[in-house]
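Architecture at a glance
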Amino acid sequence: MVEQQTHPKQVNPSSTGQWTIQKIITWSTDFLKKSEVGSSARLDVELLLCEVLKLSRIELYTNYDRPLTESERAQFKELLKRRRNFEPIAYILGHKQFYKHTFKINEHALIPRSDTEILLEEAVSFLRDRNHESAKILDLGTGCGCIALSLAQEFSSAQVLAVDISPDAIKLSKENSDILRVNNVSFECSDIRIHTFWESDHRFDLIVSNPPYICPTEKDGLPAGVLQYEPHLALFAEDEGTHFYKLMAKHAKKLLAPKGKLIVEVGYLQSQEVAKIFEVNDWTKVSFRSDYAGHVRVVSAQLAD
């Protein structure tokens, strides 16, 4: 229970001009900590203030004594209330930095995370090693398009197909394509669980995917912000979280060109299970890549020669 004296309406007292940037940061950080939002309270407050004041974080520090106007305090109060209710900061701001670019974000797609940058780095490394500057790439479960569009930016001669089951996610990824002025990505709204999806004459040098991989029984262990706000369709998978890996292991080989590669993100305890799934389906050269905390978060596989 949040104590009465920590209600966010205190951020908007009578217009006295006393609520400076420094005072807002101090009070609001304490408020979020008491509200159990998490260890990022101060960073969250600073990002929200940057959004309202249209300042960089450096500019916040150099303008600590600047008072907020009544309008600015009201805007900040509304954003703070949303964060207090565990809404992820990326959804509140409407954008998130990923790899080298900033992507528009909304509730129809997962928030890009640093773990997925590991997958992207592995994909870039593979294509560069093979001199696949004009590769054909398939991104399964594209969400906001962060993987597909980042690869398209890295390899301007490549042809990228971004697929998602959600029409809203496809709309969002197209918006990001327009924002970033990427013209070598096409988009398709499809359900890869339907066998006809895999019956295609297209062949790809690389297939990448950050599929749903959380077991539904693990819902109660997720952070409130993830469970309440991020799309469950992109989070949870049957077969204890392995359903989409089994699907890709069985069918993705039909869409790969010779010496093509499949690269997937996995949960931090799933790598060995996913490797076994690939191996029993005649994939070879199964390899792993760890995140910076030492957890294996990417599994790659190729077909037997």
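**Overview of a negative patch on the surface**
A surface patch of negative charge is lined by Glu218, Glu238, Asp239, Glu240 and Glu273. Along the chain, glutamate 238 falls in the loop between helix H9 (224-229) and helix H10 (243-251). The exposure class assigned to glutamate 238 is exposed, which follows from its relative accessible area of 55%.

**Observations regarding the confidence of the model for the chain**
Looking at the chain as a whole, the pLDDT averages 90, with 93% of positions reaching at least 70. For residues 1-16, every residue scores under 50 in pLDDT, and the model assigns this stretch 34 contacts once sequence neighbours within four places are set aside.

**As for the layout of surface pockets**
Roughly 180 Å³ of internal volume is contained in the second largest pocket. In terms of lining residues, the second largest pocket is bounded by Lys136, Gln159, Val160, Leu161, Ser186, His202, Arg203 and Phe204. Considering every element that reaches the lining of the second largest pocket, the biggest residue donor is strand S4 (residues 159-164), with 3 residues. A per-class count over the lining of the second largest pocket returns 3 nonpolar, 3 polar and 2 charged.

**Details of unusual backbone geometry**
One non-glycine residue, lysine 54, lies in the positive phi region at around 55°. Within the secondary structure, lysine 54 sits in the loop between helix H2 (41-53) and helix H3 (57-62). Although it is not a glycine, tyrosine 99 adopts a positive phi angle of roughly 60°. Tracing the backbone through its elements, the reader meets tyrosine 99 in the loop between strand S1 (95-98) and strand S2 (101-104).

**So, the packing of aromatic side chains**
Per the stated rule, a full pass over the model turns up 6 aromatic pairs. Both rings, one in tryptophan 19 and one in tryptophan 27, keep their centres 6.4 Å apart while their planes meet at 85°; by these two values the pair is edge-to-face. With respect to burial, tryptophan 19 and tryptophan 27 carry one shared label: buried. For the pair tryptophan 27 and phenylalanine 31, a centre-to-centre distance of 5.4 Å together with 10° between the ring planes defines the contact as stacked. Note that tryptophan 27 and phenylalanine 31 are positioned in helix H1 (residues 21-34) at a spacing of 4 residues, about one turn of the helix. Exposure class is identical for tryptophan 27 and phenylalanine 31. Each is buried. Taken together, the aromatic side chains of Trp19, Trp27 and Phe31 make up a single cluster linked through ring pairs. The residue whose ring lies beneath lysine 23 is tryptophan 19, and the NZ or CZ to ring-centre distance is 4.4 Å.

**Some points on the nonpolar core**
Residues Phe103, Ile137, Leu151, Val185, Leu206 and Val208 are the most contacted members of the largest nonpolar core, which totals 37 residues. At the level of secondary structure, the elements contributing two or more residues to this core comprise helix H5 (89-93), helix H6 (114-129), helix H7 (146-154), S4, helix H8 (167-180), strand S5 (185-189) and strand S6 (204-209). It is H6 that contributes the most residues to this core, 7 residues altogether. Not counting chain neighbours up to four residues away, the residues in contact with valine 208 comprise Leu119, Ala123, Leu138, Asp139, Leu140, Ile147, Leu151 and Ile263. Ile192, Phe244, Tyr245 and Val274 belong to the second largest nonpolar core, which has 34 residues in total.

**Digging into the sheet that holds S5**
One open sheet accounts for 7 strands, arranged S5-S4-S3-S6-S7-S9-S8; its pairing is mixed. The sheet is open, and its two edges are formed by S5 and strand S8 (283-290), each paired on a single side. On average, each strand axis in the sheet is tilted by 20° relative to the strand beside it, whichever way the strands run. Across 5 bridges, strand S7 (residues 256-265) lies against strand S9 (residues 296-303) in antiparallel orientation. Bridge pairing links isoleucine 263 to serine 300 in S9. This element, H8, spans S4 and S5 of the sheet and lies at about 170° to S5. Sheet strands in contact with H10 are strand S3 (136-140), S6, S7 and S8, and its direction is about 175° off that of S7.

**Focus on the pattern of salt bridges**
Per the stated rule, a full pass over the model turns up 18 salt bridges. Of the charged contacts, one joins glutamate 154 and arginine 128 as a salt bridge, the two residues approaching to 2.8 Å between their closest N and O atoms. Of this pair, glutamate 154 sits in helix H7 while arginine 128 is found in helix H6, placing the two residues 26 residues apart along the sequence. According to the relative accessible area criterion, glutamate 154 is buried, its value standing at 15%. We note a salt bridge from aspartate 191 to arginine 193, for which the minimum N-O separation is 2.9 Å.

What counts and how
- Residues numbered from 1 in each chain as written.
- Predicted model: local features only at pLDDT ≥ 70, side-chain atom pairs only at ≥ 80, totals over all residues.
- Heavy atoms only, no water.
- Patch = residues over 30% accessible without salt bridge, like charges linked within 9 Å, V, L, I, M, F, W, Y side chains within 5 Å.
- Areas by Shrake-Rupley, 256 points an atom, 1.4 Å probe, with all protein chains shown as cover.
- Salt bridge = Lys/Arg side-chain N within 4 Å of Asp/Glu carboxyl O.
- Lys, Arg positive; Asp, Glu negative; His and termini not counted.
- Charge placed at Lys NZ, Arg CZ, Asp CG, Glu CD.
- Helix = DSSP H or I, 4+ residues; strand = E, 2+ residues; numbered from the N terminus.
- Buried < 20%, exposed > 50% of the residue type's maximum accessible area, 1.4 Å probe, protein only.
- pLDDT = per-residue confidence, 0-100.
- Contact = heavy atoms within 4.5 Å.
- 1 Å grid on protein atoms, 1.4 Å probe; cavity = no way out; pocket = protein on both sides within 12 Å on 5 of 7 lines; lining within 4 Å.
- Points joined across faces, edges and corners; volume = space filled by probe spheres on them.
- Nonpolar A, V, L, I, M, F, W, Y, C, P; charged D, E, K, R; others polar.
- Phe/Tyr/Trp six-rings, centres within 6.5 Å; stacked < 30°, edge-to-face > 60°.
- Lys NZ or Arg CZ within 6 Å of the ring centre and 35° of its normal.
- Core = buried A, V, L, I, M, F, W, Y, C linked by side-chain atoms within 4.5 Å.
- Pairing = 2+ DSSP bridges.
- Axes fitted to C-alpha atoms, helices over the stretch in contact; angles between N-to-C directions.

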